[in-house]
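# Structure assessment
Letter by letter, the chains look like this.
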Amino acid sequence: MFCCLRTVRSLELSAEHPQLKILQSHMPVLKLCLDKILLHCILQSRTLSVADAINALRPFYFAVHPDFFGQHPKEREVNENSLKRLNGYLENLQKPGFRSFKPTQLTFYVREREPNSSNVQESFSASGFRAVSFTLHTRDLLSTVLDILNSCSLSTEHVQSLNGNCQSHKEAKSTVNRPIKWDKTYYSFTGFKDPEEELEQAQRVETTLLSWLDDNAATAVKKLKKSLPLRKELERLKIELSHELQLSDIRWQRSWGIAHRCSQLHSLGRLVQQRPEILENVKGRTVVFTDRSGMSAAGHIMLGTMDVHHHWTKIFERLPNYYKLQKRLLLLEDRISQLLGGIQVIYIEELQPLLTLEEYFETLNSFYNKLRDSRLPFHPRSLRGLQMILESDRYAPSLHELGHFVIPTICDPAALQWFIFAKAQEARENLKRKEEMILTEKELINISTERFSLDRLYKEPSVSSAQMIDCCKRLLEESLPYLEGMHLCISHFYSVLQDGDLCIPWNWKN
């Protein structure tokens, strides 16, 4: 590092000096060396908050978000599952004292804005995206964010100026003896970009809610108006099928476009007309359109959107057998609850991977056998009122902010017992706070919907109740005429969906 600095000092010459040509020829290498040194100093001088991490990963989220892969269900599914695992990894990094890390390998399909660029090394499909695989093994947010961006060939320059911390940048420079500042004429003469000028420009054009709405509201209105006839058709089809089959609900696993959803309902309607006798066992059930057919761990009938009627017919014919397996599953949950002092085993669709009934039964059965053999001394009903979910991709138990325990299927029974005892009171407090937050969240959603004359206000599953509450409170302090009659989705980034829904990050800036 100091060798590099001495070299640069020795070359701080006037424009007439004959060694200026040497400086120009070596400058790209020297600049790269100094950039790496300064970035390293910056990374050591500060830690990254959750908000900073999300802000830094915005280019990544924009490149891999499943909503942009509507015509490519396989790639969309891969990105959805990888994002869930990535979110779990990032959550673990926030937990104080968390030491048990499992290297996590992820694969994403990354959209390319310039697929014909000569700088791109990866192979692209004709659809304009590339597959990228990488393994996360770092133990801090900053390193993880940089690994993700670098793995996807995305810029990391904006990481240096997160939270507008120009002061942090200056402090980092001061750690290398003395700052190196070139005269403005140097940049004009050599053609290199002035980093200070670039930083100031980036800060000036930082996206704010009002500026983004000003640029995108018209596009969203145009798309929304175009989708209105299809939205009415979708609602009509959903009501008719729900009434005819006496269904509890019809849902979709992902945010498919309105036209895609209408097509799926038309397909189900044709099957009802062709084979009405096979649909006698669906009364009171929920039908979920997803990527594979079967019955979900939550007991919903899954219809794979890529399957033909023949596959759907088989699922409806197997429903009596699925119901028998579901009864066995509920009995297994009760037995686990008895072994763990009355704690309730639950399955949360929004927070857990989509599992079939068979997969979830095997997971429960394996965990039950392990508990039964260990004979943990839990007092009967001592943990009544508490909740837990099982996950197969974790090594250490944790307590979710919503109050439920997250228990790995391979968790050591002794460690599990100690953890539950130590966190039981905190879990009860979290559960009580969860109920209060849900009520507050619903109230703020209703108030915000009415205040801005929104047609709909909703959030993505990855946005917590606390984040939604914070977002709505700040929205209510603003005057936003752009939102009248719109569908507003609270997310982690800005986007206009294909049917006109507006997506804004929950931590938007004004």
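Worth saying up front: this structure is predicted, and the values here are computed from it rather than measured.

### Here we look at the overall build of the chain
In terms of regular secondary structure, the chain is built from 15 helices and 14 strands. Counting every position in the chain, which comprises 510 residues, the buried fraction comes to 46%. Excluding contacts between residues fewer than 6 apart, the proportion of contacts in the chain whose partners are at least 24 apart in sequence is 67%. Accessible surface computed for the chain: about 27,300 Å², of which carbon and sulfur atoms make up 51%.

### What to know about the sheet that holds strand β8 (residues 387-391)
An order of β7-β8-β10-β9 is seen for the four strands of this open sheet, with the pairing classed as mixed. With partners counted over all chains shown, the strands left at the sheet margins are β7 (344-345) and β9 (398-399), one partner each. As judged from the four bridges shared by β8 and strand β10 (residues 405-408), these two strands associate in the parallel manner. Bridging from a neighbouring strand, I389 pairs with V406 of β10. Relative to the sheet, helix α13 (residues 357-374) contacts β7, β8 and β10, its axis offset from that of β8 by approximately 105 degrees.

### Let's talk about the pairing of strand β4 (residues 286-290)
For β4, the tally of buried residues reaches five of five residues, placing the bulk of the element in the interior. Because side chains alternate across β4, one face comprises the buried residues T286, V288 and T290, and the other comprises V287 and F289, equally buried. By the bridge criterion, four bridges tie strand β3 (residues 249-252) to β4 in an arrangement that is parallel. Following the sheet pairing, I250 is matched in β4 by V287. Across four bridges, β4 lies against strand β6 (residues 301-304) in parallel orientation. Bridging from a neighbouring strand, V288 pairs with M302 of β6.

### Description of the sheet that holds strand β14 (residues 502-505)
Spatially, four strands are ordered β11-β12-β14-β13 in an open sheet, and the strand pairing comes out mixed. For this open sheet the edge positions go to β11 (456-459) and β13 (495-496), each flanked by a neighbour on one side alone. The pairing of strand β12 (residues 487-491) with β14 spans four bridges and is classified as parallel. The residue of β14 that forms the bridge with I490 is I504. The strands that helix α15 (residues 465-475) touches are β11, β12 and β14; relative to β11, the one it contacts most, it runs at about 145 degrees.

### Quick notes on the pattern of salt bridges
Per the stated rule, a full pass over the model turns up 13 salt bridges. A salt bridge links E317 to R275, with the nearest nitrogen and oxygen atoms 3.5 Å apart. Within this pair, whereas E317 is found in helix α12 (residues 309-339), its partner R275 is found in the loop between α11 (258-274) and β4, the two being separated by 42 residues in sequence. For R275, a relative accessible area of 29% corresponds to the partly exposed category. Several salt bridges share partner residues, and in doing so they unite K238, D249, R251 and E349 into one network.

### Observations concerning the packing of aromatic side chains
Under the counting rule described, the total for this entry stands at nine aromatic pairs. A ring pair is formed by F60 and F108, whose centres lie 5.0 Å apart and whose planes are at 85 degrees; its orientation type is edge-to-face. Of this pair, F60 sits in helix α4 (residues 58-64) while F108 is found in strand β1 (residues 104-111), placing the two residues 48 residues apart along the sequence. Each ring, one from W252 and one from F289, has its centre 5.7 Å from the other, and the planes form 20 degrees; the classification is stacked. Remark: F289 occurs in strand β4 and W252 occurs in strand β3; sequence separation between them is 37 residues. Overall, the relative accessible area of 0% leaves F289 in the buried class.

### Some details on unusual backbone geometry
Backbone geometry places Q246, a non-glycine residue, at a positive phi of 55 degrees. Checked against the element boundaries, Q246 lands in the loop between α10 (209-245) and β3. At R381, a residue that is not glycine, the phi angle is positive and equals roughly 65 degrees. With respect to the helices and strands, the residue R381 is situated in the loop between α13 and β8. For R381, a relative accessible area of 58% corresponds to the exposed category.

### Let's talk about the packing of α12 against α13
Two numbers describe how α12 lies on α13: the axes approach to 10 Å, and their chain directions differ by 30 degrees. Judged on the interaxial angle alone, α13 and α12 are roughly parallel. Once α12 is placed against α13, the crossing between them reads as left-handed. Of α13, the residues touching α12 (which contributes Y322, L325, Q326, R328, L329, L332, E333, R335, I336 and L339) are L357, E358, Y360, F361, L364, N365, F367, Y368, L371 and R372.

### Some remarks on the nonpolar core
Ranked by size, the top nonpolar core spans 60 residues in total, and within it F289, I301, F316, L340, F367, M388 and F405 carry the most contacts. Sort the elements by how many residues they give to this core and α12 lands first, with 10 residues. Beyond its immediate sequence surroundings of up to four residues, I301 is in contact with V282, R285, T286, V287, V288, G294, M295, I315, F316, L319 and Y323. Counting 57 residues, the second-largest nonpolar core is a separate cluster that includes F134, L136, F493 and W508.

### As for the confidence of the model for the chain
Caution is warranted with low-pLDDT regions, since their predicted coordinates should not be read in detail. Mean pLDDT over the chain works out to 79, with 75% of the residues at or above the 70 mark. Under a pLDDT of 50 for its full length, residues 1-24 has, in the predicted model, 26 contacts with residues more than four places off or in other chains. For residues 163-179, every residue scores under 50 in pLDDT, and the model assigns this stretch 23 contacts once sequence neighbours within four places are set aside.

### Some details on the environment of V496
Here V496 lies in strand β13. As a C-alpha pair, V496 and K223 span 273 residues in sequence and 8.9 Å in three-dimensional space. In contact with V496, other than residues within four places in its own chain, are W212, N216, A220, K223, D501 and L502.

### Some details on α13
With 18 residues, α13 ought to run about 26 Å at 1.5 Å a step, and its terminal C-alpha atoms sit 26 Å apart, in line with that. Listing the buried residues of α13 in full gives L357, Y360, F361, L364, F367, Y368 and L371. For α13, the angular spread of buried residues about the axis comes to 135 degrees, placing them on one side. When the buried face of α13 is taken as reference, the exposed residues oriented beyond 90 degrees from it are E362 and D373. On its buried side, α13 packs onto β5 (294-295), α12, β7, β8, β10 and α14 (413-451).

So, how was this worked out
Along each chain, residue indices are assigned from 1 in the same order as the chain's sequence is written. Restriction of local features to residues with pLDDT of at least 70 applies here, the model being predicted, together with a cutoff of 80 or more for giving and counting side-chain atom pairs; totals for whole chains, interfaces and linings are based on all residues. Each side-chain value is derived from all of the structure's non-hydrogen atoms; neither hydrogens nor water enter the calculation. Secondary structure follows DSSP: runs of H or I at least 4 residues long count as helices, runs of E at least 2 residues long count as strands, and numbering of each begins at the N terminus. Each residue gets one of three labels from its accessible area relative to the maximum for its type: buried under 20%, exposed over 50%, partly exposed in between, using a 1.4 Å probe on protein chains only. The contact definition used throughout considers only heavy atoms, calling two residues in contact when any of these lie within 4.5 Å. For the accessible areas, the method is Shrake-Rupley and the probe is 1.4 Å, while residue cover comes only from the protein chains on display. Two strands pair under a simple rule: DSSP has to find at least two bridges between them. Only the stretch in contact is used when fitting a helix axis, every axis being a line fitted to C-alpha atoms; angles between N-to-C directions are given from 0 to 180 degrees. The rule for a salt bridge is simple: a side-chain nitrogen of Lys or Arg has to be within 4 Å of a carboxyl oxygen of Asp or Glu. Only Phe, Tyr and Trp rings take part, Trp by its six-membered ring, and two of them pair if their centres are within 6.5 Å. Stacked means planes under 30 degrees apart, edge-to-face means over 60, and tilted covers everything else. Roughly parallel means an angle under 35 degrees; roughly antiparallel, over 145; roughly perpendicular, 65 to 115; everything else is oblique. A crossing counts as left-handed when the near helix is turned anticlockwise from the far one by less than a right angle, and as right-handed when that turn is clockwise. Here, the term nonpolar core denotes a set of buried Ala, Val, Leu, Ile, Met, Phe, Trp, Tyr and Cys residues that are joined through side-chain atoms within 4.5 Å. Per-residue confidence from the predictor is reported as pLDDT, a score between 0 and 100. A helix is expected to reach a length of 1.5 Å times the quantity of its residues less one. The arc refers to the directions leading from the helix axis to the C-beta atoms.

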